[in-house]
Structure formats: C-alpha cells, structure tokens
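Here is how the chains run, residue by residue.
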2 protein chains.
Amino acid sequence: MIMHSWKDIPNNSDFSIYNIPFGVFSISGGSPRLASAIGDEIIDLKGVAATGIFDSLDINSRIWDADTLNPFISLGKSVTNKVRTLLQEHMCDPSSPLKGSNCFHPMSDVSMHMPVFVGDYTDFYSSIEHATNVGIMFRDPANALMPNWKHLPVGYHGRASSIVVSGTNITRPNGQTKPNDGPPIYGPSQRMDFELEMAFIIGKESNLGDQISTKQADDYIFGMVLFNDWSARDIQKWEYVPLGPFLGKSFGSTASPWIVTMEALSPFAVEGPIQDPEVLPYLTYSGLKNYDINLTVSLTPKDGQANVISTSNFKYMYWNMNQQLAHHTVNGCNVKVGDFMASGTISGKTPESYGSMLEIAWSGQKPITLKDGSQRKFINNYDTVTINGWCEKNSIRVGFGEVSGTILPAK
Amino acid sequence: MIMHSWKDIPNNSDFSIYNIPFGVFSISGGSPRLASAIGDEIIDLKGVAATGIFDSLDINSRIWDADTLNPFISLGKSVTNKVRTLLQEHMCDPSSPLKGSNCFHPMSDVSMHMPVFVGDYTDFYSSIEHATNVGIMFRDPANALMPNWKHLPVGYHGRASSIVVSGTNITRPNGQTKPNDGPPIYGPSQRMDFELEMAFIIGKESNLGDQISTKQADDYIFGMVLFNDWSARDIQKWEYVPLGPFLGKSFGSTASPWIVTMEALSPFAVEGPIQDPEVLPYLTYSGLKNYDINLTVSLTPKDGQANVISTSNFKYMYWNMNQQLAHHTVNGCNVKVGDFMASGTISGKTPESYGSMLEIAWSGQKPITLKDGSQRKFINNYDTVTINGWCEKNSIRVGFGEVSGTILPAK
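Residues numbered from 1 in each chain as written. Chains lettered and ligands numbered in written order. Predicted model: local features only at pLDDT ≥ 70, side-chain atom pairs only at ≥ 80, totals over all residues. Heavy atoms only, no water.

### Comments concerning the overall build of chain A
Alright, step 1. Along its length, chain A carries 10 helices and 26 strands.
Alright, step 2. Taken against the 2.2 N^0.38 rule, which gives 22 Å for 411 residues, the C-alpha radius of gyration of chain A at 21 Å falls within 12% of a compact globule.
Alright, step 3. Along the first, second and third principal axes, the C-alpha set of chain A runs to 70 × 55 × 40 Å.
Alright, step 4. Restricting to contacts in chain A with at least 6 residues of sequence separation, those with at least 24 account for 72%.
Alright, step 5. Only carbon and sulfur atoms are counted for the fraction: they give 49% of the accessible area of chain A, which is about 15,100 Å².
Alright, step 6. Averaged over its 31 positive side-chain charges, chain A has a centre that lies 4 Å from the centre of its 40 negative ones. (Helix = DSSP H or I, 4+ residues; strand = E, 2+ residues; numbered from the N terminus. Rg over C-alpha atoms; globule rule 2.2 N^0.38 Å. Contact = heavy atoms within 4.5 Å. Areas by Shrake-Rupley, 256 points an atom, 1.4 Å probe, with all protein chains shown as cover. Lys, Arg positive; Asp, Glu negative; His and termini not counted. Charge placed at Lys NZ, Arg CZ, Asp CG, Glu CD.)

### Considering the sheet that holds strand 25 (residues 384–393) of chain A
Residue and element names in this part refer to chain A.
Alright, step 1. The strand order 9-26-25-20-21 describes an open sheet built from 5 strands, whose pairing is mixed. The sheet terminates laterally at strand 9 (170–171) and strand 21 (307–313), the two strands that pair on one side only.
Alright, step 2. Where strand 20 (residues 294–300) lies against strand 25, 7 bridges are found, and the strand directions are antiparallel. Its bridge partner lying in strand 25, Leu295 is registered against Gly389. (Pairing = 2+ DSSP bridges.)

### A look at the interface of chain A and chain B
Alright, step 1. Chain A puts 59 residues into the contact, and the matching count from chain B is 59 residues.
Alright, step 2. Taken over both partners, the interface formed by chain A and chain B buries close to 5,500 Å², and the fraction arising from carbon and sulfur atoms is 61%.
Alright, step 3. Taken together, chain A and chain B are joined by 6 salt bridges.
Alright, step 4. A salt bridge links B:Arg159 to A:Asp339; the nearest nitrogen and oxygen atoms lie 2.6 Å apart.
Alright, step 5. There are 31 residue pairs in polar contact (both at pLDDT 80 or more) connecting chain A and chain B.
Alright, step 6. The set of elements that each furnish at least two residues to the side of chain A that touches chain B consists of strand 6 (121–124), strand 7 (155–158), strand 10 (174–177), strand 11 (185–188), helix 7 (233–239) and helix 9 (321–329) of chain A.
Alright, step 7. For the side of chain A that touches chain B, the element with the highest residue contribution is strand 7 of chain A, accounting for 4 residues. (Buried area = accessible area lost by both parts, 1.4 Å probe. Salt bridge = Lys/Arg side-chain N within 4 Å of Asp/Glu carboxyl O. Polar contact = N/O pair within 3.5 Å; in protein donor to acceptor, adjacent residues only side chain to side chain.)

### Notes on the sheet that holds strand 4 (residues 104–106) of chain A
Sheet strands line up and pair through hydrogen bonds in the backbone, either parallel or antiparallel.
Residue and element names in this part refer to chain A.
Alright, step 1. One open sheet holds the 5 strands; their spatial order is 4-3-2-1-5, and the pairing between them is antiparallel. A strand with exactly one partner marks an edge of an open sheet, and here the two such strands are strand 4 and strand 5 (110–113). Across the sheet, the axes of successive neighbouring strands diverge by a mean angle of 45 degrees, strand direction being ignored. (Axes fitted to C-alpha atoms, helices over the stretch in contact; angles between N-to-C directions.)

### Looking at the relation of the copies chain A and chain B
Alright, step 1. Under the fitted operation, chain A is carried onto chain B by 0.0 Å of movement along the axis and a turn of 180 degrees, and the coordinates agree to an RMSD of 0.0 Å. With respect to symmetry, the two chain copies, as superposed, fit the operation of a two-fold axis. When C-alpha positions in chain A are compared against the rotation axis, the closest is assigned to A:Gly244, at 2.1 Å.
Alright, step 2. Most of the interface of chain A is mirrored in chain B, where 100% of its interface residues again form contacts. (Least-squares fit on C-alpha atoms with pLDDT ≥ 70 in both.)

### Re the pattern of salt bridges
Alright, step 1. Under the defined criterion, the tally for this structure stands at 34 salt bridges over all chains.
Alright, step 2. In this structure, B:Lys249 engages B:Asp229 in a salt bridge whose closest nitrogen and oxygen atoms are separated by 3.2 Å. Here B:Lys249, found in the loop between helix 7 (233–239) and strand 16 (253–255), pairs with B:Asp229, found in the loop between strand 14 (221–228) and strand 15 (231–232); they are 20 residues apart in sequence, far enough to count as distant. With respect to burial, B:Lys249 and B:Asp229 carry one shared label: buried.
Alright, step 3. The network of salt bridges with shared partners includes A:Asp193, A:Glu195, A:Asp229, A:Arg233 and A:Lys249. (Buried < 20%, exposed > 50% of the residue type's maximum accessible area, 1.4 Å probe, protein only.)

### Quick word on helix 4 (residues 77–92) of chain B
Alright, step 1. Taking 1.5 Å of rise per residue, 16 residues should cover 22 Å, and helix 4 of chain B covers 22 Å from first to last C-alpha, within 8% of that figure.
Alright, step 2. Buried within helix 4 of chain B we find B:Lys77, B:Val79, B:Thr80, B:Val83, B:Arg84, B:Leu86, B:Leu87, B:Gln88, B:His90 and B:Met91. (Expected span 1.5 Å × (residues − 1).)

### Structural notes on the pairing of strand 1 (residues 23–27) of chain A
All names here are of chain A.
Alright, step 1. Of all 5 residues that make up strand 1, 4 are buried, and the element is covered over most of its length.
Alright, step 2. Hairpin connection from strand 1 to strand 2 (residues 33–38): 5 residues lie between these consecutive antiparallel strands, with Ser28 at a positive phi of about 55 degrees.
Alright, step 3. Direction of pairing for strand 1 relative to strand 5: antiparallel, over a ladder of 4 bridges. Bridge pairing in strand 5 places Phe25 opposite Met112.

Structure (structure tokens):
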C-alpha cells in the first residue's frame with residue numbers, strides 16, 4: 001500500500017512513513033519517555049496520546065512516561081501494531097490533530113536512550129562465514145566449523161548490564177592476555193574490535209518449562225536493532241576455553257536506539273540459505289524468515305573522514321531468528337520482554353563483507369589503509385565505528401539509523 | 001561476643017542469633033515482603049519497623065513492602081548492617097517491643113520467594129578439583145586443566161531469567177544431543193545432573209568502565225546463598241564448543257531463600273589454598289577470603305529416604321570471591337545490586353566430596369547405590385536434590401538452610 005505523509009520526509013530517510021519505529025528520548029534534560037520517528041524528527045508519543053488518537057486502545061497513560069519500552073511492548077502486538085498503524089494513518093491524514101501539534105522535535109534536539117531494559121542478553125553465532133573465519137584463525141583451518149554448528153544455532157549468554165545506547169563512548173578494556181612466548185600479562189587490550197550484528201527484542205513473556213516453536217516465534221519477536229558487540233580479541237583468545245567469551249565482550253555492547261518492528265520489516269523478508277544437513281524437526285520452519293537488510297560499517301579516525309570498511313547484508317545468516325528462539329527455548333528456558341537476542345557477527349562471503357576487523361585485516365596479517373593513509377589492524381583509540389542498516393525495495397525504504405561508538409583510551 | 005536471645009532457638013539451628021539473614025516471604029496468599037529468620041521462625045521486617053526500632057535509620061517504609069531485597073540492599077552496608085545488629089540487640093533484650101509482638105511466624109506457615117531480582121548471573125569455575133575432573137571426562141586426561149585456569153578465575157555468563165527459589169520443581173529439559181554413533185537426536189536429557197555451588201550477591205552498583213579491586217570487593221559483596229546449577233550433561237557436551245554452556249544449564253538454577261550476610265560469615269573466614277604460579281597483581285589479596293562452610297548434598301527418591309551423596313566444603317575453592325569480582329570488573333564491566341556470582345561446582349579431593357553426579361558416578365562408569373537398593377548414574381525423575389550448608393565454630397552455628405528441587409519428567 002502506498003502512503004503519503006503530509007510531513008516532508010527526505011527521500012533517503014530511514015524513518016519513512018513505512019517504518020514508524022519505537023524508542024525512548026529526552027529533551028532539554030527532561031525525563032526519558034516514549035517516541036516514534038518520522039524523517040528527521042521524533043514523535044513524542046505522550047503528546048500524541050494527549051490528542052486522543054489512541055483513546056480507543058485504552059492504554060494506561062503512564063506507559064508513555066516510562067523510561068523504557070518494556071511496559072509498552074508488554075501490551076502485546078495486538079495493541080502495539082494498532083499504535084503503529086494509527087500513527088501511519090494520522091501522518092497521512094491532513095486533518096489529523098497531529099498536524100500542527102507540538103508532538104514533533106528535530107532529532108538533533110533530543111537525546112536517545114536505551115530503548116528497553118534488558119533482562120537477559122543472548123548472542124548467537126549464526127553466520128557461517130564468520131564462524132568459519134574465526135575457526136580458521138583461532139583454532140584449526142582444517143576443521144574450522146565445529147561439528148555441532150550446522151545442527152543447532154550455537155549461542156551463549158552475554159552480559160546485559162553493559163549494553164549501552166548508540167553514542168556512548170566505550171573505554172578500551174584492561175585485562176589479562178597471553179603473549180605467545182611468556183606468561184600472561186595485564187594491560188590494555190591490543191586487539192580492540194567491533195562486531196557487526198543485529199539483535200531482536202523479545203515482545204512477549206514465556207513461562208519456565210515452555211517451548212516456543214519456530215511458528216509461535218513470530219508472536220514473540222517484537223522488532224530489531226543494530227548491534228555492535230565490541231570485542232577484545234586478545235583477552236577473548238586467552239580466556240574463552242572452555243566456557244566461552246567473558247571479559248573479552250562484557251566491557252560494552254552498543255545498540256541503536258530505534259526498534260524497527262517486524263511488521264515494518266515484513267516486506268523485506270526473503271528466503272534463507274539451504275540448510276544441509278537437514279535440521280531436526282524442532283528447527284524446521286516455513287515462510288520467508290531471512291531479511292534483506294543492507295548493512296555498512298564505517299570507521300572514522302579522530303577529526304577524520306568516514307571510511308566504509310564493510311558492506312554486508314543480514315540475509316546472509318544461516319540460522320534465522322525463529323530458529324534461534326525455538327532452539328533457545330527447546331529446553332524450557334523462559335524469555336522476558338526486553339531480552340536481547342543478537343545474531344552474532346554478520347559476515348558475507350567476500351572480505352568486503354566481513355563483519356569484524358579480525359576478519360577484515362585477517363588477524364592483523366592484512367592491515368587496511370584508510371583515506372588519511374593510516375593503517376588499521378584493529379581499532380585505535382578515538383576511532384569511531386558506525387554501523388548503518390536499511391531495507392529498500394520498490395522505492396520504499398525502512399531503516400535503523402545508526403549505531404555508533406568511539407573508543408577511549410584504557411584507564 | 002556471646003549473645004543470648006529471649007527466644008527459644010533450637011541448638012542446631014542454622015538461624016541462630018549470630019546469623020540474622022535476609023529474605024522475602026509471603027503468608028496466607030498475601031504480597032511478598034521482607035523478612036529475617038530466627039530459629040524456626042521468620043521475622044516480618046515490616047512488623048519490626050512498625051515497632052519503631054529502626055526509626056533512627058530513617059528508612060523509607062516502602063522498602064519493607066518490596067517483593068525483592070534489591071531496594072533494601074541498595075541502602076548500603078552502613079544501613080543494612082545496622083538493621084542486622086539492631087535485630088540482634090532486640091532479640092537479646094527482654095524489654096524489646098519485639099517480645100510479645102506479632103512479627104514472628106513459623107517457617108512452616110510461610111512461602112519463601114527469590115530474595116532478589118537478578119539482573120545478571122555469572123557462573124565461575126573456581127574449584128580446581130571440579131575443573132580437573134570435568135577436563136578428564138569431557139576433554140583430555142593428560143591436559144585436564146586448561147592453560148589459563150591457574151592464571152584467572154574462569155567464568156561465563158549464565159541465564160538470569162531461569163533462576164528460581166528453593167522448592168520450585170524443575171522440568172527435565174528436552175534438547176539436542178549427539179550419540180557417539182550417529183547424527184544428533186532430539187529428546188529428554190538422559191544425563192540430568194545437579195551442581196553443588198554457592199553464590200554471592202552484589203550489594204553495590206559500579207559504573208561501566210570502573211574496576212573493583214580485591215580490597216574494594218568487600219564493600220560490594222552483600223552475602224551468600226546456596227545454589228544448585230542444574231545441568232543436562234548430554235546437551236551441554238554437544239553444544240558447548242566453542243562458546244560455552246547454554247541450554248545444558250538455562251532450563252533452571254535454584255537458589256536458597258535466605259541471604260546470609262558476609263558479616264555473619266566473617267567469624268568463619270579461613271586461609272585459601274596457595275596459588276602457584278603466583279597471580280598477576282590485580283588478583284592478589286590480603287586477609288582471610290575463603291570460608292569454612294560445610295556442605296552436603298542429599299538425593300531423595302520419590303517417597304523414599306534421603307541419601308547423603310556428597311560432603312564438601314566451600315573452603316576448597318581455589319579462587320575466592322574477591323578475586324572473582326576483581327577479575328569480573330578488570331575490563332570495566334559494571335555490576336548491579338542483586339547480580340548473582342556463583343562459585344562453580346564445589347568439589348573436594350575425594351569422591352565423597354565431589355559436587356556433581358557427573359563426578360560422583362564418574363560419567364556413569366561408577367553408579368552409586370541408594371538406601372532403597374536402586375542405582376543412580378544421574379538424576380531420575382521425581383528425585384529431589386537438597387543442598388545444606390552451615391558454619392560451626394566454638395558452638396556458634398550460622399547456616400543457610402537448604403536449597404532443594406525435584407526433577408519432573410520432560411514435557
């Protein structure tokens with residue numbers, strides 16, 4: 001369906017009338033509260049609610065004043081989808097009370113906050129190219145992919161407390177690393193990396209002991225964000241055997257502020273790769289469950305120009321979100337509204353599409369040269385890493401904006 | 001200091017006048033609220049506060065009505081320690097308004113709840129005997145202990161949402177496992193296990209980017225509970241490479257309801273093992289940081305008798321809690337009030353002191369025989385596993401009560 005808004009929306013905007021994402025903003029030092037976005041502006045949902053356009057939904061007014069989306073999302077898709085479509089209708093209706101209202105603020109005037117409180121954060125490892133590349137570098141080139149990898153979406157629990165919103169500086173971590181020729185040492189990580197990821201946000205609670213099937217999963221996945229799972233490769237390499245990554249990750253992960261709903265992403269659903277060997281019945285699925293989401297990563301040195309260092313796509317994922325959630329809950333593990341489930345690094349087949357410096361510069365063996373002539377094997381202090389993501393089809397664009405973070409020197 | 005309470009306290013009670021732990025209870029279907037314990041009774045802290053004995057501390061009365069201890073613990077040790085010592089003084093003073101008050105209820109009349117909301121849960125792996133035993137069985141007997149193990153307290157992130165309070169039934173998980181001679185299969189875990197652990201609870205928030213030294217750690221550790229980190233060994237074995245345990249653990253973990261404060265445990269502090277090789281400076285510590293806590297595990301078949309299957313002690317831990325917290329935050333990872341930090345399975349040197357069925361029955365090779373003549377390699381349906389823990393010295397006893405759970409058949 002073609003929609004035309006009475007609002008001027010730049011043609012290349014991620015926040016077209018087809019998007020209508022959800023987030024949390026504050027303005028002029030006020031308390032955080034809920035927002036949507038259109039073009040270059042945010043939409044103050046408390047203000048919108050005051051116009052009465054949501055009255056038929058009977059939503060407690062405190063929902064709009066909350067400092068996270070968790071209570072809003074907990075209303076369920078039957079309500080949140082109506083909020084979204086009502087916003088779309090009113091943004092297209094020149095006689096809407098929204099027109100001429102004071103519900104809009106330029107994005108440049110507001111601060112964005114973490115969109116949800118994250119109870120638990122899980123990181124999957126679902127790009128076959130990434131898993132293969134890391135396997136070659138960290139372990140055995142002849143057996144890069146572990147025997148379990150094609151049978152189940154490998155994942156692990158991450159640290160929820162250190163997930164921060166785009167724009168938050170990240171301090172280079174100190175920690176323990178092991179030189180090849182000597183005992184372990186303490187100091188700042190020398191192999192600071194980003195990971196190009198996306199995450200989905202749980203929209204519905206399940207009970208301990210219950211499974212969520214790949215079919216039911218649609219009901220539990222509220223939307224998605226861009227995600228940078230910063231990684232200190234030297235710390236990770238020394239610590240991760242046998243229980244997995246820990247301090248090499250938990251110093252910080254960065255999320256984009258706008259949750260784009262699955263309903264906004266549905267026109268961009270595509271087929272996934274053929275899974276061979278065949279998966280067990282609980283991991284089978286029907287329908288289009290991959291998404292054609294363009295992704296780029298740029299690295300900007302201090303006071304310098306942006307350099308696009310990766311061009312990838314979310315559709316490369318071997319395991320889809322429905323499979324991830326069905327696997328996560330097959331043992332009865334419960335999920336809560338606001339839980340983050342990240343994809344793992346998204347790498348394509350070619351070096352141009354790799355999703356981490358570890359892969360792009362091949363563990364330091366193939367440094368890249370930036371526009372200013374400087375080289376990078378990993379991320380330097382004061383470098384800013386920015387991930388952008390957007391879908392585009394038939395002149396319709398739905399995007400995520402960006403997730404960005406600057407590395408500060410270790411303390 | 002010798003204390004005598006005017007209340008009759010059984011001699012062998014875990015909840016002597018020297019303990020005064022904190023927990024959350026409800027009675028007759030009412031709302032959960034805060035409690036302490038003495039002998040066989042709980043102490044309703046809202047009722048105690050109403051007598052005025054805490055008035056000088058100027059505590060917001062809603063604290064006592066909260067359904068978790070998080071707000072109370074957030075007041076800081078300067079307040080919570082005074083609450084504890086005031087309770088001790090009044091329980092010894094025959095003229096206290098508590099005497100004759102209706103603040104006490106038999107433990108048998110109340111329900112206990114999760115004592116805190118757990119934001120993040122970390123599981124360490126700090127028993128050298130356990131790590132060695134698992135290394136022999138899961139990996140390579142010749143190199144059972146990984147090269148990093150003696151240099152840092154290995155740990156990983158666990159699932160917070162599925163931590164439940166003692167007495168909650170645990171459903172045997174379904175999942176994917178790999179027979180030796182064929183492709184992976186789906187079904188109920190055939191190797192259901194317990195893990196004898198203890199956990200400490202964070203009492204003070206830190207900021208992202210800040211480190212907590214081993215010395216500062218005392219200020220951040222509020223108290224401890226008993227912890228059963230249920231494990232499905234067959235699921236774990238297939239899934240855990242390379243990112244660590246996931247669904248083999250996340251179907252449920254069980255915590256005891258009473259948090260025993262570090263102040264109550266301080267008389268039982270003992271020296272830890274000699275750490276050789278020497279640890280890096282950030283992991284050095286001074287003072288007595290291990291604790292002499294007796295631990296037993298019993299297995300009770302349906303309608304059967306309890307069988308003590310392990311007798312261990314928390315003092316066996318190679319890495320202490322101060323080292324664990326200093327390591328956890330060396331990279332700037334932030335902690336929040338209520339975070340759980342579990343010890344990892346606590347095994348002693350002899351089979352009688354092993355902390356899991358995996359070790360006790362040596363991966364099924366040495367089944368144990370129960371009093372009723374039945375054998376166990378792992379945990380059967382309807383078996384109840386109960387962990388008890390207590391300190392005792394100079395006729396003074398401070399204990400944790402128990403953490404108990406029954407395994408129900410897979411769905």
